[in-house]
Amino acid sequence: MTALVLIDHEGGLLKQPSRSAVAAATKLGEVHVLVAGSGVQAAADAAARLPGVSKVILADAPAYANALAEPLAALIVALAPGYSHLMAATTANGKNVMPRVAAVLDSQPISDIAEVIDADTFVRPIYAGNAMATVKSSDAKKVITVRAASFDPVPNEGGSASIEAAPAVDMPAGSRWVSAELSKSERPELTAARVVVSGGRGMQNGDNFKLLDPIADKLGAAVGASRAAVDAGFVPNDYQVGQTGKIVAPELYIAIGISGAIQHLAGMKDSKVIVAINKDEEAPIFQVADYGLVADLFVALPELAAELERG
Amino acid sequence: MKILVPVKRVVDYNVKVRVKSDNTGVETAGVKMSMNPFDEIAIEEAVRLKEKGVATEIIAVSMGVAACQETIRTALAMGADRGILVESDVDLQPLAVAKMLRAIVEKEGPKLVILGKQAIDDDMSATGQMLAALLGWPQGTFASKVTVEGDSMTVIREVDGGLETVVLNLPAIITTDLRLNEPRYASLPNIMKARKKTIDIVKPGDLGVDPTPRLVVIKVEEPPKRQAGRKVASVAELVDKLRNEAKVI
């Protein structure tokens, strides 16, 4: 039994959610990984050092440069005969590509698994994580995306896998990548950060999100947001934490001016320690918070920045 | 051109779901059901394309129990022209749904299918991509802006790092993200008019699809409950607790 894990990477570095997907795959048997892109030898070398990985398949071609679903899915389908499980992290890329693979293989995908029971049986959240379903697949090949927050990532170093070139595959036409407008930040990525500081509707406008900066800087935190804050245009879409945004499980999650709709809780309730600061003491966020502070955030945030500075 | 929009009947997003005591699923008896919110966005986008003169006809499709007709009526009241119900009591999973949609697409010949990016009940986020693969069409998932220009379409997609723009040749698949549009409320006259629109009813067998689930649900359980913690009185106390009790900073 061998699993193939599609790796997300950028600038020669592997994305942390993919290391979590590898961790899930190691529970199933032998693990190979697929690194696809253009000029991605460095990422393949990095993948070869992941503990538990025995082979890296490197697909280095211009057609894979921007991870369009159509060529990437065609590649994975071509590799599928050698594998029992085809996996990826539940990222924008994994969600885009893997169901496409599953359809061609006549397999019902198993999305966003949180636990591996055995080779056929997995636990996955449904209804925004308000229920956990244990499901057993009857398909010959399992196509799986992995909830990164539920599996500790394998370390970056420790393995020494071989690297093998992927076969050439007929590229489907029909889609063309034009451009990307990515948020630039010196901060850690939301799904990989040890600490996340998120703002909600209570922040009132985009400018006020700057109040989170000194706190995030001091804690080495990523900055996130509730859907309400994104919909209101305070911050870009990639800040969104929740059922339909990013799922995070940091050591410390600080929710500021967030009421705590179930859709938001779905994205952060597995955090180790949750802090809520909200002026409404009835806000549902307090029902999941380890430490709650009922306060006006415009008073509390400068105080918090100062208190952390005193460290 | 014709646009096909699948719409799913799900537990309303405001309902706090409860796991059944026999652990076979979640309680749906007597619970408010609505159209999946992402599918409302899909219908809205199709209606806007019709208002712009890009689309000529919008077909809303739902699959499941007879009550899914209500979901189709909602789509018709928002501006869809006619409906198709694939009636089945089976737990329909994305692979079977995608296969049945393929059969409908092959019969109806739409140039665009707009789906919600995920259903808020099973949270699978798979059907659109699977339909695209079965048809061999390109896909624009998690769309936050769609512009049709002749035989192609520009799609701005929400991705993990921000936004990405792709161009797709038609026919193609779109799945909707939250920021694509704000769905309208159906007006009373339009709700009345929707009652006169046609809904065709077919069975999975009519479409040549065996809908038997491939994923068997062994059990459904409550997630581990988080205990509410305590309130702190001041920022100083909060920082002290985080440093000395939780030891996370």
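Here, the structure is the one placed above.
Nothing here was measured: the structure is a model prediction, and the numbers come from that model.

J.: Where do I start with the overall build of chain A in this structure?
T.: Within chain A one finds eight helices and 18 strands. In terms of overall dimensions, chain A is globule-like: its C-alpha atoms have a radius of gyration of 20 Å, near the 19 Å expected for 311 residues. With the C-alpha coordinates aligned to their principal axes, the bounding extent of chain A is approximately 60 × 40 × 40 Å. Considering chain A as a whole, with its 311 residues, one finds that 59% of them fall into the buried category.

J.: I tried to follow the sheet that holds strand 18 (residues 291-294) of chain A on my own but got confused; where do I start?
T.: To summarise the sheet geometry, strands pair through backbone hydrogen bonds and adopt either a parallel or an antiparallel arrangement. Spatial ordering of the open sheet is given by 15(A)-14(A)-16(A)-17(A)-18(A)-13(B), a layout of six strands whose pairing is parallel. The sheet is open, and its two borders are formed by strand 15 (222-225) of chain A together with strand 13 (230-232) of chain B, each paired with just one other strand. For this sheet the average axis-to-axis angle between neighbouring strands, irrespective of direction, equals 25 degrees. Examined bridge by bridge, strand 14 (residues 195-199) of chain A and strand 16 (residues 252-256) of chain A share five bridges and lie parallel to one another. Bridged to Gly199 of chain A within strand 16 of chain A is Ile256 of chain A.

J.: Sorry if this is basic, but what is going on with the packing of helix 3 (residues 94-108) of chain B against helix 4 (residues 127-135) of chain B here?
T.: Helix packing geometry: the angle between the two helix axes and the distance between the axes. All names here are of chain B. Following both chains from N to C, one finds helix 3 and helix 4 inclined at 50 degrees, their axes separated by 9 Å at the closest point. As far as their axial angle goes, helix 4 and helix 3 are oblique. The interaxial crossing formed by helix 3 with helix 4 has right-handed handedness. In this structure, helix 3 contributes Pro94, Leu95, Val97, Ala98, Lys99, Leu101, Arg102 and Val105 to the contact, and helix 4 contributes Thr127, Met130, Leu131, Leu134 and Leu135.

J.: Looking at this structure, how should I read the pattern of salt bridges?
T.: Opposite charge on two side chains allows them to pair when their charged atoms are near. Residue and element names in this part refer to chain B. Throughout the structure, instances matching the rule amount to 37 salt bridges over all chains. A salt bridge links Arg184 to Glu51, with the shortest nitrogen-to-oxygen separation between them at 2.8 Å. Within this pair, whereas Arg184 is found in the loop between strand 10 (172-176) and helix 5 (188-194), its partner Glu51 is found in helix 1 (residues 37-51), the two being separated by 133 residues in sequence. Glu222 is the partner of Lys225 in a salt bridge, and the nearest nitrogen-oxygen pair spans 3.4 Å. Residue Lys225 is classed as exposed on the basis of its relative accessible area, which comes to 62%. In this structure, a network of salt bridges that share partners links the residues Lys2, Glu57, Arg82, Lys107 and Glu108.

J.: It is not clear to me how the pairing of strand 6 (residues 112-116) of chain B should be interpreted in this structure. Could you clarify?
T.: Two faces belong to every sheet, and in a regular strand the side chains alternate between them. Residues and elements named next belong to chain B. The buried count for strand 6 comes to five of five residues, which makes it a mostly enclosed element. Here strand 1 (residues 2-6) runs beside strand 6; their pairing, made up of two bridges, is parallel. Across the sheet, the residue bridging to Ile3 is Leu112, located in strand 6.

J.: Please clarify how the sheet that holds strand 7 (residues 110-113) of chain A should be interpreted in this entry.
T.: Residues and elements named next belong to chain A. Pairing within the open sheet is parallel, and its seven strands lie in the order 7-11-6-1-4-5-12. Strands with a single pairing partner mark the edges of an open sheet, and in this sheet they are strand 7 and strand 12 (162-165). Looking at each pair of strands side by side, their axes are set apart by 25 degrees on average, direction ignored. The sheet contacts of helix 1 (residues 16-26) involve strand 1 (2-6), strand 4 (30-37), strand 5 (53-60), strand 6 (85-89) and strand 11 (142-146), and relative to strand 6 the element is tilted by about 150 degrees. Running at roughly 160 degrees to strand 6, helix 4 (residues 92-104) makes contact with strand 1, strand 6 and strand 11 of the sheet.

J.: What should I look at first to understand empty space enclosed by the protein in this one?
T.: A probe as big as a water molecule, rolled over the atoms, marks out the empty space that is left. As enumerated under the stated definition, the model contains four cavities of 30 Å³ or more in all. Reported here for the largest cavity is a volume of approximately 590 Å³. Along the walls of the largest cavity sit 39 residues, with Thr90, Lys95, Gly245, Lys246 and Ile247 of chain A positioned nearest its centre. Elements that contribute at least two residues to the lining of the largest cavity include exactly helix 4, strand 7, strand 9 (121-126) and strand 11 of chain A together with strand 8 (152-159) of chain B.

J.: What should I look at first to understand the interface of chain B and chain A in this one?
T.: The accessible area lost on association of the parts is a frequent measure of interface size. Opposite the 77 residues of chain B that make contact, chain A presents 85 residues. For the chain B and chain A pair, buried surface summed over both sides reaches about 6700 Å², with 55% attributable to carbon and sulfur atoms. At the boundary of chain B with chain A, the tally comes to five salt bridges. The partner of Asp290 of chain A in a salt bridge is Arg226 of chain B, and the shortest N-O contact between them spans 2.7 Å. The interface formed by chain B and chain A includes 46 residue pairs in polar contact (both at pLDDT 80 or more). Contributing elements (two or more residues each) for the side of chain B that touches chain A: helix 3, helix 4, strand 7 (139-149), strand 8, strand 9 (162-169), strand 12 (215-221), strand 13 and helix 6 (235-244) of chain B. Broken down by element, the side of chain B that touches chain A gets its largest block of residues, eight residues, from strand 9 of chain B. The class makeup of the residues in the side of chain B that touches chain A is 42 nonpolar, 14 polar and 21 charged.

J.: Just checking my understanding: could you explain unusual backbone geometry for this structure?
T.: In terms of backbone geometry, most residues other than glycine have negative phi values and most peptide bonds are trans. All names here are of chain B. Here the bond from Leu170 into Pro171 is cis, since omega is 5 degrees, no more than 30 degrees from zero. With respect to the helices and strands, Pro171 occurs in the loop between strand 9 and strand 10. Here Asp123, not a glycine, exhibits a phi torsion of approximately 50 degrees, which is positive. Considering the arrangement of structural elements, one finds Asp123 in the loop between strand 6 and helix 4. Since its relative accessible area comes to 12%, Asp123 is described here as buried. The backbone phi angle of Lys247 is positive, close to 55 degrees, even though this residue is not glycine. Positionally, Lys247 belongs in the segment after helix 6. The exposed category is assigned to Lys247, whose relative accessible area is 62%.

Conventions we followed
- Residues numbered from 1 in each chain as written.
- Chains lettered and ligands numbered in written order.
- Predicted model: local features only at pLDDT ≥ 70, side-chain atom pairs only at ≥ 80, totals over all residues.
- Heavy atoms only, no water.
- Helix = DSSP H or I, 4+ residues; strand = E, 2+ residues; numbered from the N terminus.
- Rg over C-alpha atoms; globule rule 2.2 N^0.38 Å.
- Buried < 20%, exposed > 50% of the residue type's maximum accessible area, 1.4 Å probe, protein only.
- Pairing = 2+ DSSP bridges.
- Axes fitted to C-alpha atoms, helices over the stretch in contact; angles between N-to-C directions.
- Parallel < 35°, antiparallel > 145°, perpendicular 65-115°, else oblique.
- Left-handed = near helix turned anticlockwise from the far one by under 90°.
- Contact = heavy atoms within 4.5 Å.
- Salt bridge = Lys/Arg side-chain N within 4 Å of Asp/Glu carboxyl O.
- 1 Å grid on protein atoms, 1.4 Å probe; cavity = no way out; pocket = protein on both sides within 12 Å on 5 of 7 lines; lining within 4 Å.
- Points joined across faces, edges and corners; volume = space filled by probe spheres on them.
- Buried area = accessible area lost by both parts, 1.4 Å probe.
- Polar contact = N/O pair within 3.5 Å; in protein donor to acceptor, adjacent residues only side chain to side chain.
- Nonpolar A, V, L, I, M, F, W, Y, C, P; charged D, E, K, R; others polar.

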